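As a plain string of letters, each chain reads:
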Amino acid sequence: MKVSIIGAGNVGATCAQVLAYQQIADEVVLLDINEGYAEGKAMDIMQSANAIGFDTVVKGSTNDYKQTENSDVVVVTSGIPRKPGMTREELISTNVKIVETVIKSTLEHSPNAVLIIVTNPLDTITYAALKLSNLPKNRVIGMGNLLDSSRFKYFLSKKSNLPISELDAIVIGGHGDTTMIPLPNYSKYKGLPIQDFLTQQEIDEVVSETMVGGATLTKLLGTSAWYAPGASAAYMVDAILHDKKKLIPCAVLLEGEYDTNDVVVGVPCVIGKNGWEKIIELDLTDAEKEKFKSSVDAIREVNAQIPF
Ligand code: APR
């Protein structure tokens, strides 16, 4: 089971680290355009094998895609991250060009891979990757909503003092500060509605904190986050490599689902060896449907900037 990660920066290297520490893959190849960088990250991770105890082999490559050949899954994190005050959408012109070259080289060597896109603006880059690759739609998946849902759970747990591991929470819509849609009605503690544990005002605060969760970290760190994004990408890799049929909210091409066509946006999907295998249509309130429509409209505006 081989995974390649294009972009050995903060998110890419963290993803490789989780894949190795949890022995999710047999082989992980980190590739970066920056000379020696991926080799250095890979070597550093491998030198933690003794202390952690894993057999996954992590290799590094400076732009040599031959080393990525026959990957089962390719995670794309190459691109610039946002700086404090920037939106994810502002990254479009730089990152879409980077992803264009990356996708072509990747598919030459791994034509059967499932692609997980992490580069922002997530929904638009995933849409561009799908168009560029000509892959079946189920094999190109954006990692955004899983991260947003993890942040939603974190803020719910902080506010309620309930353990994260016992909470269910889901965020659909775009992976943007104003386009994501946390769904309190689907938030549960051991199957019980979250409304039994938090007031409406507390829930509203949690929703707001979730929506700016990435921006809050970017302000604190000076660049965008990496631990949770890297771990979330690794979680998706695990679901694909081991055919776990996990229900994961992620960005996929809609063709009629949620009354939406020809746009990549976050919805709950069953994830297994074929990529996304089924889209789950949630029963949304009228207000949530309206928010979903606005989210889709906003994503379409960014999609219009794709230069091909
Ligand atoms: N091919 C391979 N690697 C590239 C290319 C390319 N054409 N262009 C850039 N890279 C590499 C950079 O050299 C860098 O090491 O991508 C890496 C990006 O790493 P970071 O700058 O640390 O950014 P990171 O925080 O990992 O975020 C990457 O994920 O969450 C999103 O918004 C974030 O779009 C950003 C992406």
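Up top is the structure these notes are about.
Notes on the structure follow.

Considering the site of the ligand
Around the ligand, the surrounding shell holds 20 residues, and the nearest of these are Asn10, Val11, Asp32, Thr77 and Asn120. Contact between the ligand and asparagine 10: an oxygen atom at 2.9 Å from a main-chain N or O atom of the residue. When isolated, the ligand has an accessible area of 730 Å², and the protein chains bury 87% of it. The site holding the ligand turns out to be the largest pocket.

Regarding the environment of asparagine 63
Note that asparagine 63 resides in the loop between β3 (57-62) and β4 (73-76). Asparagine 63 sits 212 residues away from glycine 275 along the chain, and the two C-alpha atoms are 25 Å apart.

Here we look at the pairing of β4
Consecutive side chains along a regular strand alternate between the two faces of the sheet. Neither face of β4 is open: one carries Val73 and Val75, the other Val74 and Val76, and all of them are buried. Relative to β4, strand β1 (residues 2-6) runs parallel, the two being bridged by 4 bridges. Across the sheet, residue isoleucine 5 finds its bridge partner in β4, namely valine 75. The pairing of β4 with strand β5 (residues 114-117) spans 4 bridges and is parallel. The residue of β5 that forms the bridge with valine 76 is isoleucine 117. Handedness of the crossover joining β4 and β5 through helix α4 (residues 92-109) is recorded here as right-handed.

Cut-off values and rules
Residues numbered from 1 in each chain as written. Predicted model: local features only at pLDDT ≥ 70, side-chain atom pairs only at ≥ 80, totals over all residues. Heavy atoms only, no water. Near = heavy atom within 4 Å. Polar contact = N/O pair within 3.5 Å; in protein donor to acceptor, adjacent residues only side chain to side chain. Areas by Shrake-Rupley, 256 points an atom, 1.4 Å probe, with all protein chains shown as cover. 1 Å grid on protein atoms, 1.4 Å probe; cavity = no way out; pocket = protein on both sides within 12 Å on 5 of 7 lines; lining within 4 Å. Sits in = over half its atoms within 2 Å of the grid points. Helix = DSSP H or I, 4+ residues; strand = E, 2+ residues; numbered from the N terminus. Buried < 20%, exposed > 50% of the residue type's maximum accessible area, 1.4 Å probe, protein only. Pairing = 2+ DSSP bridges. Right-handed = clockwise from strand over helix to strand, strands pointing away.

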